[in-house]
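Inside the fold
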Amino acid sequence: MADPYHNNIYHQGDGDSYGTYGQGGQDDAASDVTEGHDEEDQMYEGEYQGIPHPDEVKAARRAARAKARTMADGVSDQEELAEQYEDIMEDCGHGKFQWTLFVVLGLALMADSVECFVVALVLPSAEKDMCLSHAEKGMLGLIVFLGMMFGAFIWGGLADKVGRRKCLIIVLAMNCISAFFSSFAQGYGFFLFFRLFSGIGIGGSVPIVYAYFSEFLQMDKRGEHLSWLCMFWMMGGIYASFTAWGIIPRYGWGFSMGTEFQFHSWRVFVLVCALPAIAAFLGLMFMPESPRFLLENAKHDEAWMILKQVHDTNWRAKGEPERVFTVTQIKTPKTQEDEFIEIQTATGTAFQRWVVRTLTLTKLVMKNVLSLFGPDLRLATLLMAIIWFTMAFSFYGLSVWFPDMIKHLQHEEYESKVKVFNREKVEQFHFNFSLENQVHKEGEYINDKFINIEMKSVKFEDSLFVDCYFEDIRSTDTIFENCTIRSTVFYDTDLYEEKFIDCTLENVTFLHNKKGCHLDNEEENDVLIYLVSFLGSLAVLPGNIISALFMDKIGRIKIIGGSMLISAGCTFFLFLSFSQAAIIAWQCLFCGVSVAAWNGIQVITVELYPTSKRATAFGVLNAICKFAAILGSSIFASFVGITKVIPILLSFVALVAGGVLALKLPETREKVLL
């Protein structure tokens, strides 16, 4: 008996209104497809091992789904479309088209990862050009996450109403434009604005990428290939840290136009960080819109053309160009009457029409957001919000805490080597050598010269300066506290009045003060900054591979719950040792274990929500994630140098709570996308 599913021919049961695969008889279609092929050559290799033929597996799955539908009391249009779409994607196969889209969307995800790293990597150099205070540096670090939080919410909602591809193109363009202008911005305010604008743009990429890619995957490929897609986030971290390591210390890679315009190597790095977004933007020009989104919006013909393109691309690449896309009809859900309100061309001005469309679109997006808390989705949304929050709070909090603790330990070690000079008296002496890590107490400096030297971490306390001369001084963390300074000239130095704390200045002259921050770049840019970032990103590779291989085998719930609970246990290793090397090791271990939970969370978020709400839900949950990142990084950073117990306990409690709640989620690995 002939297999009714052989050669991509699918016959629906009596009365089924999904669609029709094939117009002619079964025998005619089969003979057309198999013409010119020897039947023995087509024999399935696994037959003798008792391995079912893939077509038989597909047929069994379809029969099971059809039986479940007939046993159900009623099947909605949405469920009918979901079942039929799954069958179509199985017939289209997984091949060249999905792998091409995989690379393009992976680059977009890589751009999001780079955005999370870029500010932290350029900050040690950018603060020198802009003379940033601690408060300004903190704001610059948080502004990106703030922008990404709003971006995820806005663009996730718009992607469900405007389209995945169109919104993703816009957010990538925003990121590229912002990166270009921020690299040239000389002032702190402009740099802050463009990084915020960049965050708002790229923040929408994650919700759109996962929703977009999932709608081109069949059920048995979805978990694995969405997990492989997550690896691009790791690649973004490696790319950012590796290029920062290779570019930022190269101080000759730049130019200046006087003292007002400086383009140093860190600005070159900002431009290079935009390359993944540019590549993704160009790649999307050749990619189609999601056919699942088009069907949801009653655009049947456009969806059919794209599905045919997917089918033909895959089978041609597999050496079977004779396979025919036999779908002639696809179930289309009823459209709502309150979609976009159009004003006739003769009615109102262009601005008025734009306002009406914008208000209508905003209303539809907010309505979609509120529907996430409706009776059918309320519990899933609440559980997912808590899991996203706890995971992000712990992960991003520790991601900031680890490098800050390394810096703190370095600072403690540095301070332990400080040299203290008490009551020294120096007269008519020429200081032509640099001063570093010194404290001078109650000293007297009479008619001395400090010329062309660097002062790093130098403090003068209760000292007297009389008839001294300072010229061409470059300082870092240098202050004068409770000193008396008389008849002294400061020429071409960066010793401003704010560096003289409670000092008495008598007949003191400041001439041609240096503009900007002239710090010792080579020593400030510790290679450890890049090394820690690189190792942390590389450490997630084993977790990525394991989660991808087992996502469809053991399920999303066990992956998420197990990974979060094991990650919670890993945090207690921090009590065992507290050296720089140990912190780096624990950071790599934590990142490697926790990445499996991230992958599972992102996969199940895609699968829990219907197409009309998928990107919106992902955007809302990703916005919660970014809020938790801001909260976690701020709280954890505040305990650096104070105590290590509270950050460890906070991360442990958050991960345990999230891991336990994850076990309450429904398993979705055998669920078609609604």
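None of the values given here were measured: they were computed from a predicted structure.

Another point: the overall build of the protein chain. The secondary structure content of the protein chain amounts to 22 helices and 16 strands. By residue count, 51% of the 674 residues in the protein chain fall in the buried class. Nonlocal contacts in the protein chain, meaning residues at least 24 apart in sequence, comprise 68% of its contacts between residues at least 6 apart. With an accessible surface of roughly 30,200 Å², the protein chain has 61% of that area assigned to carbon and sulfur atoms.

Of all the ten residues making up helix α8 (residues 205-214), ten are buried; the element is thus mostly covered by neighbouring parts of the structure. For α8, the set of buried residues is Ser-205, Val-206, Pro-207, Ile-208, Val-209, Tyr-210, Ala-211, Tyr-212, Phe-213 and Ser-214.

Quick look at unusual backbone geometry now. The phi dihedral of Glu-442 falls on the positive side, at around 55 degrees, and the residue is not glycine. Mapping Glu-442 onto the fold places it in the loop between β6 (435-441) and β7 (444-446). Despite not being glycine, Asn-447 has its phi angle at roughly 55 degrees, a positive value. Along the chain, Asn-447 falls in the loop between β7 and β8 (449-461). The exposure class assigned to Asn-447 is partly exposed, which follows from its relative accessible area of 38%.

Another point: the pairing of β8. In this structure, strand β5 (residues 430-431) lies alongside β8, joined through two bridges in parallel fashion. Residue Phe-431 lies in a different strand from β8, and its bridge partner there is Phe-450. As paired elements, β6 and β8 share six bridges and run parallel to each other. In the strand pairing of β8, Val-439 is matched with Lys-459. Pairing of β8 with strand β10 (residues 469-476), which is carried by seven bridges, proceeds in the parallel orientation. Bridge pairing in β10 places Lys-456 opposite Thr-476. Where β8 lies against strand β11 (residues 479-481), three bridges are found, and the strand directions are parallel. Its bridge partner lying in β11, Glu-461 is registered against Glu-481.

Attention shifts here to a nonpolar patch on the surface. Among the surface-exposed residues, Phe-572, Phe-575, Val-645, Ile-646, Leu-649 and Leu-650 lie close enough to one another that they form a single nonpolar patch of about 430 Å² accessible area. Looking at the secondary structure, you find Leu-650 in helix α22 (residues 645-662).

The interhelical angle for the contact between helix α19 (residues 556-571) and α22, taken along N-to-C directions, is 160 degrees, at an axis separation of 8 Å. On the basis of their axis angle, the class for α19 and α22 is roughly antiparallel. As for the relative orientation of α19 and α22, their crossing is left-handed in sense. On the side of α19, the interface is formed by Ile-557, Ile-560, Gly-561, Met-564, Leu-565, Ser-567, Ala-568 and Thr-571, while α22 contributes Ile-648, Ser-651, Phe-652, Leu-655, Val-656, Gly-658, Gly-659, Val-660 and Ala-662. Each residue belonging to the contact of α19 with α22 can be placed in one class, and the counts come to eleven nonpolar, six polar and no charged.

A full pass over the atoms with the stated rule returns 40 aromatic pairs. An angle of 90 degrees between the planes, with centres 5.3 Å apart, marks the rings of Phe-395 and Tyr-396 as edge-to-face. Relative accessible area serves as the criterion here: at 11%, Tyr-396 is assigned to the buried category. The ring of Trp-315 carries Lys-318 above its face, with NZ or CZ at 4.6 Å from the centroid. Sitting over the face of the ring of Trp-315, Arg-323 holds its NZ or CZ atom 3.9 Å from the ring centroid.

Before going further, it helps to examine helix α9 (residues 219-247). Between its first and last C-alpha atoms α9 spans 43 Å; for 29 residues at 1.5 Å apiece the expected length is 42 Å, and the two agree. Among the 29 residues in α9, 21 count as buried, and that is most of the element.

This paragraph deals with the side chain of Glu-607. Along the chain, the position of Glu-607 falls in helix α20 (residues 580-608). Taking relative accessible area as the criterion, Glu-607 reaches 1% and is therefore assigned buried. Discounting residues that sit within four places of it in the chain, Glu-607 has contacts with Arg-222, Arg-556, Thr-668, Arg-669, Lys-671 and Leu-673.

Before going further, it helps to examine the pattern of salt bridges. Scanning the model with the defined rule gives 18 salt bridges in all. Arg-292 is the salt-bridge partner of Glu-296, the closest N and O atoms lying 3.0 Å from each other. Pair noted here: Glu-296 and Arg-292 are both in helix α12 (residues 291-296), with a separation of four residues, about one helical turn. Judged by relative accessible area, Arg-292 falls into the buried class, the value being 1%. With a shortest N-O distance of 2.7 Å, Arg-556 and Asp-552 are connected by a salt bridge.

Spatially, β4-β7-β9-β12-β15 is the arrangement adopted by the five strands of the open sheet, whose pairing is parallel. The open sheet has two edge strands with one neighbour each: β4 (425-427) and β15 (504-506). Across this sheet, the average inter-strand angle for adjacent strands is 5 degrees, counted without regard to direction. Examined bridge by bridge, β4 and β7 share three bridges and lie parallel to one another.

On to the environment of Asp-160, then. Tracing the sequence through the fold places Asp-160 in the loop between α5 (134-159) and α6 (164-184). Counting along the chain gives 453 residues from Asp-160 to Lys-613, while the straight-line C-alpha distance between them is 6.4 Å. When sequence neighbours within four positions are dropped, the list of residues in contact with Asp-160 reads Phe-293, Asn-368, Thr-611, Ser-612, Lys-613, Arg-614, Ala-615 and Thr-616. Side-chain polar atoms of Asp-160 contact the backbone nitrogen of Arg-614, separated by 3.5 Å.

What counts as what
- Residues numbered from 1 in each chain as written.
- Predicted model: local features only at pLDDT ≥ 70, side-chain atom pairs only at ≥ 80, totals over all residues.
- Heavy atoms only, no water.
- Helix = DSSP H or I, 4+ residues; strand = E, 2+ residues; numbered from the N terminus.
- Buried < 20%, exposed > 50% of the residue type's maximum accessible area, 1.4 Å probe, protein only.
- Contact = heavy atoms within 4.5 Å.
- Areas by Shrake-Rupley, 256 points an atom, 1.4 Å probe, with all protein chains shown as cover.
- Pairing = 2+ DSSP bridges.
- Patch = residues over 30% accessible without salt bridge, like charges linked within 9 Å, V, L, I, M, F, W, Y side chains within 5 Å.
- Salt bridge = Lys/Arg side-chain N within 4 Å of Asp/Glu carboxyl O.
- Axes fitted to C-alpha atoms, helices over the stretch in contact; angles between N-to-C directions.
- Parallel < 35°, antiparallel > 145°, perpendicular 65-115°, else oblique.
- Left-handed = near helix turned anticlockwise from the far one by under 90°.
- Nonpolar A, V, L, I, M, F, W, Y, C, P; charged D, E, K, R; others polar.
- Phe/Tyr/Trp six-rings, centres within 6.5 Å; stacked < 30°, edge-to-face > 60°.
- Lys NZ or Arg CZ within 6 Å of the ring centre and 35° of its normal.
- Expected span 1.5 Å × (residues − 1).
- Polar contact = N/O pair within 3.5 Å; in protein donor to acceptor, adjacent residues only side chain to side chain.

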